[in-house]
Amino acid sequence: MNGVTPLLEGRGVTKRFGGLEAVKAVDFKVMPNEIVGLIGPNGSGKTTLFDCLSRVQPIDEGSVHFQGVDITRSKPHQVAHMGMSRTFQVIRVYRKLTLLENMKVSRQWRGENLWSQMSPSHRDVEERSRDLIKFLRLEHLTNEPAGTLSGGQRRLLELGMALMPDPELILLDEAASGINPTLVEEIKDRIKTLNQEQGKAFLVVEHDMHFISDLCNRVYVLNYGEKLAEGTPAEVMENEAVIEAYFGT
Amino acid sequence: MTAPPSRRPAKRRLGLLAALLAVLAALPLVMNVFPDQTWVTNSRLFSFTQMFMLITLTSNWNLTGGFTGYVDFGHAVFFGIGAYGTGIFMNEAWPFWPSMLAGAILAAIFALIIGYPTLRLKGPYFSIAMLGMFVAMREIVRVAKPLTGGGVGLTLPPYLNRPLFYYLTLILAVLVVGIMWWIRRSEFGATLIAIREDEVGAEMRGINTTVNKIAAFVLAGFLTGIVGGMWAYQNTFIDPDGVFFPSRTVELVMMAMLGGLGTVAGPVVGAATIYWMRDVVWANLAEWHLFAEGMLMILIVLYAPQGIMGKLGDRSGTSLLRVWRNPLRRSAPEEVPEDEVSV
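Residues numbered from 1 in each chain as written. Chains lettered and ligands numbered in written order. Predicted model: local features only at pLDDT ≥ 70, side-chain atom pairs only at ≥ 80, totals over all residues.

## A closer look at helix 7 (residues 162-185) of chain B
Because each turn of an α-helix spans 3.6 residues, side chains separated by three or four positions end up pointing in the same direction. Residue and element names in this part refer to chain B. Operational definition: To qualify as a helix, a DSSP run of H or I must reach at least 4 residues; to qualify as a strand, a run of E must reach at least 2; elements of each kind are numbered from the N terminus. A helix is expected to reach a length of 1.5 Å times the quantity of its residues less one. Buried means a residue has 20 or more other C-beta atoms within 10 Å of its own C-beta, exposed means 12 or fewer, and partly exposed covers the counts in between; C-beta atoms are placed from the backbone. Whether two residues are in contact depends on their C-beta atoms, placed from the backbone: they are in contact if these lie within 7 Å.
Between the first and last C-alpha of helix 7 there are 35 Å, a value that for 24 residues agrees with the 34 Å anticipated at 1.5 Å per step. Turning to helix 7, its buried residues are Phe 165, Tyr 166, Thr 169, Leu 170, Ala 173, Val 176, Met 180, Ile 183 and Arg 184. Buried residues along helix 7 sit in contact with helix 1 (10-33), helix 2 (42-67), helix 8 (187-197) and helix 10 (209-235).

Pasting the structure below:
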């Protein structure tokens, strides 16, 4: 990895909520074409770190770089325009918009101006939206408001919304939770395909260790906001400190 | 953006709309062809003119209040700026049309200037800030005597032509509703609704929420400024209390709510219903009509927060309560009920 600019890099990222230090000076890297896992017990700071890296939360110390550019002070929409997309632990879809509208509104806004947004339809966006909806097996719900979907269906829709802009890096926050196992396997295959054929990078927060070990090249482990371990999934799962953090033995 | 599927065939709806517009367009002609009839009178045309203005104003308010979810309690400030801009320029011997356009542009510029700081506020904080802006502007107009005539007001060159104003306001209402229809079906419209539904999520997905909110705000301010200019010319006299009428915005909120917030047809239905009720029914209730209005407002919030169009199934609508909860909704992810999380 020497000499290659990391796609996403956090240097000494620290986030405090009042007296609580939720993330403590974490160094973090996602290289191009890599799938990185982020695991840790509940409350270990995974989602907070995710929020810091994707600029939902401002950080108190350290810096965040995307494709070599310092994005520590960038706005979330600017980071999205640069090619970073994400899903959320608590599902965020636009309940009053239809599935198709949800997908379309999540497309890449690079180079768009307000005037072009006045157009009711862009054929390429429509096609991509429908393709992704079909992949997610939600085509029978295409024109239904997202508010009428079940939790699992919303989770799938959110994944589609993250894929819609064709980003360089996709941050998945428990994207497989609440989805039936068959579809989870398909999602894993899709992620692998996107990674191997298109060079897309992923940063994945997930509790399902099978999901992590099947997908990820490297894994970071957080505990109490600190980086506890880093390595391949096999190395991490054999790490005594990690076992102790998870099982307390 | 694709519109939500309609329950009625589009052609039939278009036909009904065309027939309604044809009837409305023919009304002033009835006065000329049948001078002895008593139904279509100058007074009735004036009533319709007021109703068309209210439809336009409510639609404009709905762009920020309904589509974008920013409940603006000071929207009438743009009406006032449009009215005073028109009045001031006409007193400088400008013709009506350029004066009205200049007044509307002033309203749009004002929206641009105040939109940047105020649209960063969420929910009730934005509403109160706009209310304060409205009151402040009224006082500025009152003290800027050399320009605005102060509390005494301004007189515009009189031009009494009820049919002309009837047609002008009808055309404007049709145009504005058409613009709202187009916006709702465009990516811009879907973007505004996305901001209303989840502003943080929209920002995370690459939407420059500030630019989109300001664009909607400026457009609404401009269109409301036009209505203000027309109203001033029709009225031939403007003063701070008449133009910056405190309950004007409340009326717009009520009409949008009754019709259905965030829908295209809602403001039309709401404004027409309340105006008709006020004109025909509440005229018989004398001083009780305000009580009746208040009761109606309470009943809407309690039993039909989605409004008439929301009840009829236009799924793009929303309720005022949802919009009002913005600070919580926007600062934290929307919670999914536990029973919905499983597949």
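Continuing now.
## A short note on the sheet that holds strand 2 (residues 20-30) of chain A
All names here are of chain A. What counts is decided by this rule: Whether two strands pair comes down to DSSP finding at least two bridges between them. Helix axes are fitted only over the stretch in contact, all axes being lines through C-alpha atoms; the angle between N-to-C directions runs from 0 to 180 degrees.
What the four strands build is an open sheet, ordered 2-1-4-5; its pairing is antiparallel. Sheet topology places strand 2 and strand 5 (69-70) at the edges, where each strand pairs with a single neighbour. Here two bridges tie strand 4 (residues 61-66) to strand 5, and the two strands are oriented antiparallel to one another. Note that in strand 5 the partner of Phe 66 across the bridge is Val 69. Seen against the sheet, helix 1 (residues 46-53) touches strand 1 (8-17), strand 2 and strand 4 and runs at an angle of roughly 120° to strand 1.

## Structural notes on the sheet that holds strand 10 (residues 226-231) of chain A
All names here are of chain A. What the six strands build is an open sheet, ordered 6-7-8-3-9-10; its pairing is mixed. In this open sheet, the two edge strands, each paired with only one partner strand, are strand 6 (84-86) and strand 10. With direction set aside, neighbouring strand axes in the sheet form an average angle of 15°. Here strand 3 (residues 35-39) runs beside strand 8 (residues 201-205); their pairing, made up of four bridges, is parallel.

## Details of the packing of helix 8 of chain B against helix 10 of chain B
All names here are of chain B. Where we set the bar: Working definition: roughly parallel below 35 degrees, roughly antiparallel above 145 degrees, roughly perpendicular at 65 to 115 degrees, and oblique for all remaining angles. Handedness of a crossing follows from how the near helix is turned relative to the far one, being left-handed for an anticlockwise turn of less than a right angle and right-handed for a clockwise one. Gly falls in the polar group here, along with every residue not listed as nonpolar (Ala, Val, Leu, Ile, Met, Phe, Trp, Tyr, Cys, Pro) or charged (Asp, Glu, Lys, Arg).
In contact at an axis separation of 10 Å, helix 8 and helix 10 are set at 115° when each is read in the N-to-C sense. Relative to helix 10, the element helix 8 lies roughly perpendicular. Between helix 8 and helix 10 lies a crossing whose hand is left-handed. On helix 10, the residues that touch Thr 191, Leu 192 and Ile 195 of helix 8 are Thr 209, Asn 212, Lys 213 and Ala 216. Class assignment of the residues belonging to the contact of helix 8 with helix 10 gives a composition of three nonpolar, three polar and one charged.

By themselves, these figures tell us nothing about what the structure is for.
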